[in-house]
Amino acid sequence: MAKAKIKKIAVMTGGGDCPGLNAVIRAVVKTAVNYHGLEVWGIEDGYLGLIEDRIHPLNYNDVSGILTVGGTILGSSNTSNPFAYSIMLGKKQVQKDVSEQCLVNLSKRGIDAMICIGGDGTMVSAAAFVKKGLTVMGVPKTIDNDLWGTDITFGFNTAMTTATEAIDKLHTTASSHHRVMLVEVMGRYAGWIALYAGVAGGADVILIPEIPYEMKKIADYVIARSKKGRRFSIICVAEGAKPKGGKMVVAKTLKDSPDPIRLGGISFLLADQLAGLTGLSCRAVNLGHIQRGGVPSPFDRALATQFGHHAMELLMTGKTNRLVVIKDGKLNSIPLGQTAGRIKTVPKNHPLIAAAEAVGTGFGI
Ligand code: F6P
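Residues numbered from 1 in each chain as written. Predicted model: local features only at pLDDT ≥ 70, side-chain atom pairs only at ≥ 80, totals over all residues. Heavy atoms only, no water.

Q: Looking at this model, I keep getting lost on the overall build of the protein chain. Mind explaining?
A: Scanning the protein chain from N- to C-terminus turns up 10 helices and 15 strands. Compactness check: the protein chain gives a C-alpha radius of gyration of 22 Å against a globular reference of 21 Å for 365 residues, within 12% of the reference. If you line up the protein chain on its principal axes, its C-alpha atoms span 75 × 50 × 35 Å. The 365 residues of the protein chain split such that 53% are buried. Charged side chains in the protein chain number 41 positive and 29 negative. The centres of these two groups are separated by 3 Å. (Helix = DSSP H or I, 4+ residues; strand = E, 2+ residues; numbered from the N terminus. Rg over C-alpha atoms; globule rule 2.2 N^0.38 Å. Buried < 20%, exposed > 50% of the residue type's maximum accessible area, 1.4 Å probe, protein only. Lys, Arg positive; Asp, Glu negative; His and termini not counted. Charge placed at Lys NZ, Arg CZ, Asp CG, Glu CD.)

Q: Help me understand unusual backbone geometry in this model?
A: With a phi close to 55°, D45 is a non-glycine residue in the positive phi region. By the element assignment, D45 lies in the loop between β2 (39–43) and α2 (47–51). The backbone phi angle of N145 is positive, close to 60°, even though this residue is not glycine. Here N145 is to be found in the loop between β7 (135–140) and α5 (156–177). Its relative accessible area of 3% is what places N145 among the buried residues.

Q: Mind showing me how you'd approach the state of the cysteines here?
A: Any covalent bond linking the sulfur atoms of two cysteines counts as a disulfide. According to the stated counting rule, one finds zero disulfides in the structure shown. Considering cysteine sulfurs only, C116 is the nearest to C18, which forms no disulfide, with 15 Å between them. The exposure class of C18 is buried, given its relative accessible area of 0%. Looking at C116, it has no disulfide partner, and the nearest cysteine sulfur is the one in C102, 10 Å off. (Disulfide = S-S within 2.5 Å.)

Q: Just to check I follow, could you spell out empty space enclosed by the protein for this structure?
A: Empty space among the atoms becomes apparent when a probe as large as a water molecule is rolled across them. Overall, the coordinates contain one cavity of 30 Å³ or more when judged by the stated rule. The volume enclosed by the largest cavity comes to roughly 40 Å³. What lines the largest cavity is H178, R179, V180, V222, S226, R230, R231, F232, S233 and L280. Taken together, the residues that form the lining of the largest cavity break down as four nonpolar, three polar and three charged. (1 Å grid on protein atoms, 1.4 Å probe; cavity = no way out; pocket = protein on both sides within 12 Å on 5 of 7 lines; lining within 4 Å. Points joined across faces, edges and corners; volume = space filled by probe spheres on them. Nonpolar A, V, L, I, M, F, W, Y, C, P; charged D, E, K, R; others polar.)

Q: Which parts of the structure should I look at to understand the site of the ligand?
A: Residues in close proximity to the ligand include N78, I143, D144, M186, G187, R188, E239, R262, H289 and R292, which together make up its full environment. Contact distances for the ligand include 2.9 Å between an oxygen atom and a side-chain N or O atom of D144. A distance of 2.5 Å is found between an oxygen atom of the ligand and a side-chain nitrogen or oxygen belonging to R262. Here the ligand loses 84% of its free accessible area of 400 Å² to cover by the protein chains. Using a 2 Å cut-off from the grid points, one finds that the ligand occupies the largest pocket. Its residues placed into classes, the shell around the ligand shows two nonpolar, three polar and five charged. (Near = heavy atom within 4 Å. Polar contact = N/O pair within 3.5 Å; in protein donor to acceptor, adjacent residues only side chain to side chain. Areas by Shrake-Rupley, 256 points an atom, 1.4 Å probe, with all protein chains shown as cover. Sits in = over half its atoms within 2 Å of the grid points.)

Q: I tried to follow the pairing of strand β14 (residues 322–327) on my own but got confused; where do I start?
A: Relative to β14, β7 is paired through two bridges, and the arrangement is parallel. Across the sheet, residue G138 finds its bridge partner in β14, namely L323. Here six bridges tie β14 to strand β15 (residues 330–335), and the two strands are oriented antiparallel to one another. Note on β15: the bridge partner recorded for K327 is K330. (Pairing = 2+ DSSP bridges.)

Here it is in structure tokens:
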């Protein structure tokens, strides 16, 4: 039986925010309205708004002027999984499948399809909605650039530019005070931001989760630089970097969250250890959410616009259950479920690691 023509769609942004989300929303709405004459609805705060029935019409005017605006006009959340939603049953917290209610909230408005813009967690639930019969299209986002199946995600370019600018600024103060300056960037399981910003900012040492470090090697490197008359060093460290045989620094573990681990603090730990080993003055800065904020870079605006447009084109040619990706430099798509639980880490033979080593950058090994 031929599928009914799509007339109304909903769009949502899930997970941690990221520069370029608004550019995707804009491209989805404008393509839907301009090219296909569709009605578009915006779901507030990711799956939370879908569960709580906070879904409002999204018009052409609502998305005018948002291309260059960071964050997401729809809001986002990374705490609500419709298939395991935390509720209180008396005094006990239990997890309930509220996905049927989500489908009712869409169908009562006549919504035929949902565009989910998010990371791995968002896509796992999106794929589960497809199994329940909903037409879904996924658009990948994360500043960490670690979503499996796509060469690049929008938001990464902005984040690594922000991190590079921070390293540039830290250079001058590190140099003035003859200090070792550690700059901590995001990247839980993949060191893309640390690697790119570290190379672009000329960091002396780059520490990423994929290459467990040895503290002594970092200390030897910094002392050798100091002996050569280079009286300061910059170390760019991913939040998920860990010592050989050791563990990541977990800042806290959230209760009742589908995404419970929060990292942060490795730079401060390393600064103390390094000061002890080298006798040098060491300082640490954690860039944190600054990397997720602000105006998206021109590259991310263009990529996000392409992703949003492509998602709409796939949807209108009868495709569903696809995640828009860039593969070998070209727009493409893969089945939504394929990304589940998979992370795109930095391969040890990545050409940028080789180039960094050639210009004298250490990796703590
Ligand atoms: O989007 C991924 C990420 O930026 C991680 O690098 C970081 O650990 C995490 O989000 C922090 O998320 P939040 O503080 O929003 O829970």
